[in-house]
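# Notes for the structure review
Chain residues, written in single-letter form:
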Amino acid sequence: MSPAAFPSPRSVRRPVRIALGAAMAVATAATATACSTSSAKTGNTAATGGGSGKTIQVVAGENFWGSIASQLGGSHVKVTSIITNPDADPHDYEPTAADARTVAGAQYAIVNGIGYDAWADKLLASNPGSGRTELKVGDLVGVKPGGNPHRWYSPADVHKVIEKITADYKKLDPADAVSFDQQKTTFETKTLAGYNKLIADIKAKYAGTPIGASESIVTPLSDGLGLKMLTPETFLDAMSEGTDPTAKDKATIDDQIKNKQIKVYVYNSQNSTPDVQAQVKAAKAAGIPVATVTETLAPAGATFQQWQTTQLQGIEQALAKATGK
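Residues numbered from 1 in each chain as written. Predicted model: local features only at pLDDT ≥ 70, side-chain atom pairs only at ≥ 80, totals over all residues. Heavy atoms only, no water.

Right, let's get into the overall build of the chain. Helix and strand content of the chain: 13 helices and nine strands. A total of 325 residues make up the chain; the buried ones form 52% of that total. For the chain, the proportion of contacts with a sequence separation of at least 24, taken over those separated by at least 6, is 73%. As displayed, the chain has an accessible area near 13300 Å², and 53% of this comes from carbon and sulfur atoms. (Helix = DSSP H or I, 4+ residues; strand = E, 2+ residues; numbered from the N terminus. Buried < 20%, exposed > 50% of the residue type's maximum accessible area, 1.4 Å probe, protein only. Contact = heavy atoms within 4.5 Å. Areas by Shrake-Rupley, 256 points an atom, 1.4 Å probe, with all protein chains shown as cover.)

Next up, the structure:
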């Protein structure tokens, strides 16, 4: 899979609007029957098999966390991810009645937090559920509201989430604890081997290299790779939040590109506004290599590691071209 295979960019963030009130209205009534409810968005699932024969019903707000949760649980979990469409903006998504039923029947819920998926908080609050275990990634990694919510782009935070999900699975299904430990070991040492190696290689070879980016989604990855982000944080935040960047920030970026102060430009192809498109065009004209990332799994059926590895390869290639290393 290459970056060219990613979905065509959206010029602006386009929220999916379905009345939240309708979703909330069915949430409580769905509790008794939701465990048997199937969803069209069960992208990362596994059938029951072996061990205790128990299947933990899991709901993930976003499919990148859902992919990890599914692989860590194997045959002992059934994972339903709510955000699976690459064209849906997780910031502004409005849940459906089916989403409410899924949450109502979940024994384990994984949400990003940090203001990224506030709609998920509302779904959980509307149906407390007895005994449901909840993981809010922002709380786990210690990032408060107002901080950068894109924690799945932080390699260190991804590994913290892996540890926590495994620990929670073992509490929910103690009889299969050995299996969960085995799944975690395999996932971290084999499944994520390519992902881990790319991160280590890029950091070893290109640490300190100055880069530019289209929005704050790139910042945790840049930090994890040891790269130096030169794009003003105020611009990155404005683009991530869907607000207009200042003329001063745009001028700063134009100057960075014109004078080749950045070696590589990285942009989110799912949120490519006219300002970003202009920067991409200018970077290419200046001979600055451009790499792409996306906000959610692309294509939608990819695993977390397939998606991230492809993007890391693109960044590595851009850095190699820019530096000659």
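Next comes the rest of the account.
To continue, consider helix α10 (residues 233–241). For α10, every residue scored as buried is listed here: F235, L236, A238, M239 and S240. Turning to α10, the residues buried within the fold contact β6 (210–213), α9 (219–225), β7 (228–229), α11 (247–258) and α12 (274–285).

This part covers the pattern of salt bridges. Under the criterion given, the structure shown has nine salt bridges. Between E134 and R132 there is a salt bridge; the shortest N-O distance is 3.0 Å. Using a relative accessible area of 11% as the deciding quantity, one classes R132 as buried. Taking the shortest distance from any N to any O, the salt bridge between D168 and K164 comes out at 3.4 Å. Here K164 and D168 lie together in helix α6 (residues 155–172), a separation of four residues that amounts to about one turn. Taking the relative accessible area as the measure of exposure, D168 reaches 4% and is therefore buried. Counted as one network, the salt bridges with shared partners bring together E163, K184 and E188. (Salt bridge = Lys/Arg side-chain N within 4 Å of Asp/Glu carboxyl O.)

Another point: the sheet that holds strand β8 (residues 264–268). Strand order in the open sheet made by the four strands is β7-β6-β8-β9, with parallel pairing throughout. For this open sheet the edge positions go to β7 and β9 (290–293), each flanked by a neighbour on one side alone. Judged from the three bridges that link them, β6 and β8 form a sheet pairing that is parallel. Residue pairing for β8: G212 is matched across the bridge by Y265. The sheet contacts of α12 involve β8 and β9, and relative to β8 the element is tilted by about 155°. (Pairing = 2+ DSSP bridges. Axes fitted to C-alpha atoms, helices over the stretch in contact; angles between N-to-C directions.)

Taken residue by residue, the chain gives an average pLDDT of 86. The fraction at 70 or more is 84%. Of the regions scoring below 50 in pLDDT, residues 1–50 engages in 115 contacts with residues more than four places distant in sequence or in other chains. (pLDDT = per-residue confidence, 0-100.)

The next subject is the environment of Q256. Mapped onto the fold, Q256 is located in helix α11. Take Q256: its relative accessible area is 7%, and that puts it in the buried class. For Q256 and L230, which are 26 residues apart along the polypeptide, the C-alpha to C-alpha distance reads 8.2 Å. Beyond its immediate stretch of four places on either side in the chain, Q256 contacts L230, T231, P232, Q261 and I262.

Our next topic: the pairing of strand β2 (residues 56–62). A large share of β2 lies buried, amounting to six of its seven residues. Bridge count between β2 and strand β3 (residues 77–83): six bridges; the pairing is parallel. By the bridge assignment for β3, V59 is matched with T80. Regarding topology, helix α2 (residues 63–73) serves as the crossover connection from β2 to the parallel β3, and that connection is right-handed. Relative to strand β4 (residues 108–111), β2 runs parallel, the two being bridged by three bridges. (Right-handed = clockwise from strand over helix to strand, strands pointing away.)

The subject of this paragraph is the side chain of D173. Tracing the backbone shows D173 in the loop between α6 and α7 (177–191). Buried charge without a salt bridge: D173, with K54 as the nearest opposite-charge side chain at an N-O distance of 5.1 Å. If near-sequence neighbours (up to four positions away) are discounted, D173 is found in contact with S52, K54, I56, H76 and F180. (Lys, Arg positive; Asp, Glu negative; His and termini not counted.)

Okay, helix α8 (residues 193–206) next. Helix length check: α8 (14 residues) gives 20 Å between terminal C-alpha atoms against 20 Å at 1.5 Å per residue, within 8%. What α8 keeps buried is the set Y195, L198, I199, I202 and Y206. Taken down its axis, α8 places every buried residue within 100° of arc, on the same side. Summarising the geometry of α8, the exposed residues directed more than 90 degrees from the buried face are K197 and A204. Along its buried surface, α8 packs onto α6, α9 and α13 (304–323). (Expected span 1.5 Å × (residues − 1). Arc of directions from axis to C-beta.)

When you line up the elements, R132 lands in the loop between α4 (118–126) and β5 (133–136). There is a polar contact of 3.2 Å between the side chain of R132 and the backbone oxygen of L124. Setting aside chain neighbours within four positions, we find R132 in contact with V103, A106, Q107, Y108, A109, L124 and N127. (Polar contact = N/O pair within 3.5 Å; in protein donor to acceptor, adjacent residues only side chain to side chain.)

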